[in-house]
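Summary of structural features
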Amino acid sequence: MGIAETEFMREALAEAQAAAEAGEVPIGAVAVIGGEIVGRGQNRLLRDVDPTAHAEMVAMRAAARAISNYRLIECELFVTLEPCAMCAGAMIHARLKRLIYGASDPKAGAAGSVLEVVNHPRLNHQMLVTSGVLDEECGQLLREFFRQRRT
């Protein structure tokens, strides 16, 4: 795991923490092109009243606006949790270069935990995937959020 990977994942964790402070499920993402953050996202489902406002989608939208192109072919997306099927599908359509995620999602993960959407052999785009970057910190933030919700 490289220094840049952990630094960018820490930026995604900061987005996740901000989501938690706003009452959202703490998932964060940053979109990086050429070593520069071009988009940030955090879960905004409740605030935006939008079922598609997952952290990944928010970050990809911001990145697309920043480069004036919906094709994110040079983009690396750092996400604190393994993407769901919706987000994985959007990553394929955007032609994302690389996905880097922290914690695996055994309930809805679409990068191999439950489904293999990200690099399904019959789909028209493949991307590099790196999992487990700061996975303990990413998972702990989610566990603590849900522990507090239950009490």
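Everything discussed here concerns the structure shown above.
Heads up: these notes are all about the structure in this document. Keep in mind the model is a prediction, meaning the values are calculated, not measured. (Residues numbered from 1 in each chain as written. Predicted model: local features only at pLDDT ≥ 70, side-chain atom pairs only at ≥ 80, totals over all residues. Heavy atoms only, no water.)

A separate point is the overall build of the protein. Regarding its fold elements, the protein presents 5 helices and 5 strands. Reading the helices (α) and strands (β) of the protein from amino to carboxyl end gives α-β-β-α-α-β-α-β-β-α. Whereas a compact globule of 151 residues would reach a radius of gyration of roughly 15 Å, the protein reaches 14 Å, a difference of no more than 12%. With respect to the principal axes defined by its C-alpha atoms, the protein has extents near 45 × 35 × 30 Å. Relative to its full complement of 151 residues, the protein shows a buried share of 48%. Carbon and sulfur atoms make up 54% of the accessible area of the protein, which totals about 7500 Å². (Helix = DSSP H or I, 4+ residues; strand = E, 2+ residues; numbered from the N terminus. Rg over C-alpha atoms; globule rule 2.2 N^0.38 Å. Buried < 20%, exposed > 50% of the residue type's maximum accessible area, 1.4 Å probe, protein only. Areas by Shrake-Rupley, 256 points an atom, 1.4 Å probe, with all protein chains shown as cover.)

This paragraph deals with the packing of aromatic side chains. Overall, the coordinates contain 2 aromatic pairs when judged by the stated rule. The interplanar angle of 45 degrees and the centroid separation of 5.2 Å between the aromatic rings of F8 and F78 together place this pair among those described as tilted. Of this pair, F8 sits in helix α1 (residues 3-21) while F78 is found in strand β3 (residues 75-81), placing the two residues 70 residues apart along the sequence. Judged by relative accessible area, which is 15%, F8 ranks as buried. Considering the side-chain rings of F145 and F146, the 5.2 Å spacing of their centres and the 80 degrees angle between planes classify their relative orientation as edge-to-face. (Phe/Tyr/Trp six-rings, centres within 6.5 Å; stacked < 30°, edge-to-face > 60°.)

This next bit is on the nonpolar core. Judged by nonpolar contacts, the single largest core of 45 residues is most densely connected at M9, M60, L72, L77, M91, L96 and L99. Taken together, the elements giving at least two residues each to this core come down to α1, β1 (28-33), α3 (55-67), β3, α4 (85-94), β4 (98-103) and α5 (135-150). Not counting residues up to four positions away in its chain, the partners in contact with L99 are L77, V79, P83, M91, A111, V118, M127, L128, V129 and T130. (Core = buried A, V, L, I, M, F, W, Y, C linked by side-chain atoms within 4.5 Å. Contact = heavy atoms within 4.5 Å.)

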